[in-house]
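Overview (structure and organization)
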Amino acid sequence: MSDHNKPLQLSRRDFLRVFGGLAAGGVAASILIPQPRFPRVLPPGAILPAESFRAACNGCGKCVAVCPHNALRQNMFAAPYLDGLSGWCDLCMICVHACPTGALVLPAEPLKTKLALAVIDRNQCIAWVATGCRFCYEKCVTLQNAITIDEDYRPYVDEQLCNGCGACVNVCPRPDKVTRDLRTGKAVALKAIPHDR
Amino acid sequence: MTVDPPTQSVARPAVRKRAQFNTWARVRFAATLGAMLLIALSALLDINVGTFSSFSLGPVTVACPLGVAQILLASQTFVPTLALAGLLGLGLTIFFGRAFCGWLCPGRWIFNHAPRTAATPFKARVWVQGGIIAGVLGAAVAFHNPLFCIVCPVGAICRGAVAAGAGGSIVPSIGWLGALLSLEWLSGRSWCRDLCPVGATLSRISALNPFVKPQANPEKCRPCLACMKKCPEGVNLSQTNELSTCTKCFACQGACPRDAVEIKLVAKRER
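These numbers were taken from a predicted model, which means no experiment stands behind them. (Residues numbered from 1 in each chain as written. Chains lettered and ligands numbered in written order. Predicted model: local features only at pLDDT ≥ 70, side-chain atom pairs only at ≥ 80, totals over all residues. Heavy atoms only, no water.)

**Some words on the overall build of chain B**
Along its length, chain B carries 12 helices and 5 strands. A separation threshold of at least 6 residues defines the contact pool for chain B, and within that pool the share at least 24 residues apart is 75%. When the accessible surface of chain B is summed, it comes to about 13300 Å², and 70% of that surface belongs to carbon and sulfur atoms. (Helix = DSSP H or I, 4+ residues; strand = E, 2+ residues; numbered from the N terminus. Contact = heavy atoms within 4.5 Å. Areas by Shrake-Rupley, 256 points an atom, 1.4 Å probe, with all protein chains shown as cover.)

**A look at the sheet that holds strand β2 (residues 54-57) of chain B**
Remark on secondary structure: sheet strands pair via backbone hydrogen bonds, oriented parallel or antiparallel. All names here are of chain B. Reading across the sheet, the 3 strands line up as β1-β2-β3 and stay open at both edges, with antiparallel pairing between neighbours. The sheet is open, and its two borders are formed by β1 (50-51) and β3 (60-63), each paired with just one other strand. Sheet analysis places β1 next to β2, joined by 2 bridges and oriented antiparallel. Paired with Thr51 across the bridge in β2 is Ser54. (Pairing = 2+ DSSP bridges.)

**Notes on the interface of chain A and chain B**
Each side of the interface is counted separately: chain A has 36 residues, and chain B has 40 residues. Seen at the junction of chain A and chain B, the total is 0 salt bridges. Along the contact surface separating chain A from chain B lie 7 residue pairs in polar contact (both at pLDDT 80 or more). For the side of chain A that touches chain B, the secondary structure elements donating two or more residues are α1 (12-32), α2 (50-56), α3 (62-66) and β1 (72-74) of chain A. By residue number, the principal contributor to the side of chain A that touches chain B is α1(A), which donates 5 residues. Class assignment of the residues belonging to the side of chain A that touches chain B gives a composition of 20 nonpolar, 9 polar and 7 charged. (Salt bridge = Lys/Arg side-chain N within 4 Å of Asp/Glu carboxyl O. Polar contact = N/O pair within 3.5 Å; in protein donor to acceptor, adjacent residues only side chain to side chain. Nonpolar A, V, L, I, M, F, W, Y, C, P; charged D, E, K, R; others polar.)

**Regarding the pairing of strand β3 (residues 116-120) of chain A**
All names here are of chain A. Burial analysis of β3 places 4 of its 5 residues in the buried class, which makes it a mostly covered element. Strand direction decides the pairing type here: β3 and strand β6 (residues 188-192), joined by 5 bridges, are antiparallel. Residue Val119 lies in a different strand from β6, and its bridge partner there is Ala189. (Buried < 20%, exposed > 50% of the residue type's maximum accessible area, 1.4 Å probe, protein only.)

**Some details on the packing of aromatic side chains**
For the structure shown, the criterion picks out 10 aromatic pairs over all chains. Three or more aromatic residues joined by ring pairs form one cluster here, namely Trp24(B), Trp103(B) and Phe250(B). Positioned above the aromatic ring of Tyr81(A) is the side chain of Arg40(A), whose terminal nitrogen or guanidinium carbon lies 3.9 Å from the ring centre. When the ring centre of Trp128(A) is taken as origin, the NZ or CZ atom of Arg154(A), which lies over that ring, is 4.6 Å away. (Phe/Tyr/Trp six-rings, centres within 6.5 Å; stacked < 30°, edge-to-face > 60°. Lys NZ or Arg CZ within 6 Å of the ring centre and 35° of its normal.)

The structure is reproduced here in structure tokens:
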């Protein structure tokens, strides 16, 4: 309380400390925070154009909180995304009903929503590199049946059938670790598809 | 204990008053902590309670007025439910004043620790805060994006609580808080008093609020400025009745050495 009336005095060292700290923190964050291989996949109700979605979403986090499968996360700029790492989307649309701002809109045919496209990295996939793993195939058979395997048990994604639910990412046994070039160790990732509307 | 002059030996309840201040602070901290735990628990149990950006109790949703204004300006579309939620937030602010800042906002316990400048005069602060609000709304219009909501410490902490409940990462929240703390430290201002756009918005709205206001009893009050020094908003009760910035934290009541601060349940409008 003794410095209650002291005028503000900033030395050059103070200034450098704050802005140097901010800059160093930003650089460290951009290196250390794992970046996805593809643009972030938005929640199932994000059928508005990307600009309208960004204008309407204030990052309140309700969609993340209500998701019964923990499929949604918020990125650094508060936008919700789906990457399949923590859970996968079964298009229950609970997040859409929870959204208070109109950023998420109920699609006309909710169960036919295409969220994204699963892309298999053949350099990471156990079935492609070695052999024997059928986790994603056996999961997808029960859902969209979009993953087929050839005679060598190597998986392929049918781009027409895949709705990008993220179950294959979720069950992929490769560890979800951060590597220098790939940023995620999973052999399959979700790739956002541009919406026409 | 020192021997007092006989004129001042009547009332010296300093120890008791300090205890009372700490009691209010403890209650307010418990309220804030409880709200954060509620948010995290709702995320854990997948219940639609929401955060302070937009809070739901059953079918009723209350939203942050500044956030609603930003979204309506940024998206240029009118969403009736969202506007209604914003109006409810406005109504709650008229009813409770800035009690949100004192009782529920977690930023109160993170910022505001070492303001290095004295409180700016009220009129100057009104202009500065008006400029901050206009800048936030103008940025929303210009960039078609509610930009302040990304940075907002209340939103960031609530996102951290949701992430803690749902299993996400709280690192982004800590990063934004660190950036804002260094901004506060660099500017030498108190965040809650001078810089926070949400607090500024609530201050302007709660000019209409007539309930639960501290007033100095002129018979007991000597202008010792003890209330002003304890008040996080720098309100001098011995001089002013302008209490639109009051956060109902009751620190002034505990600080007053003469028991002169009375909490009026319904205050008469001045001017």
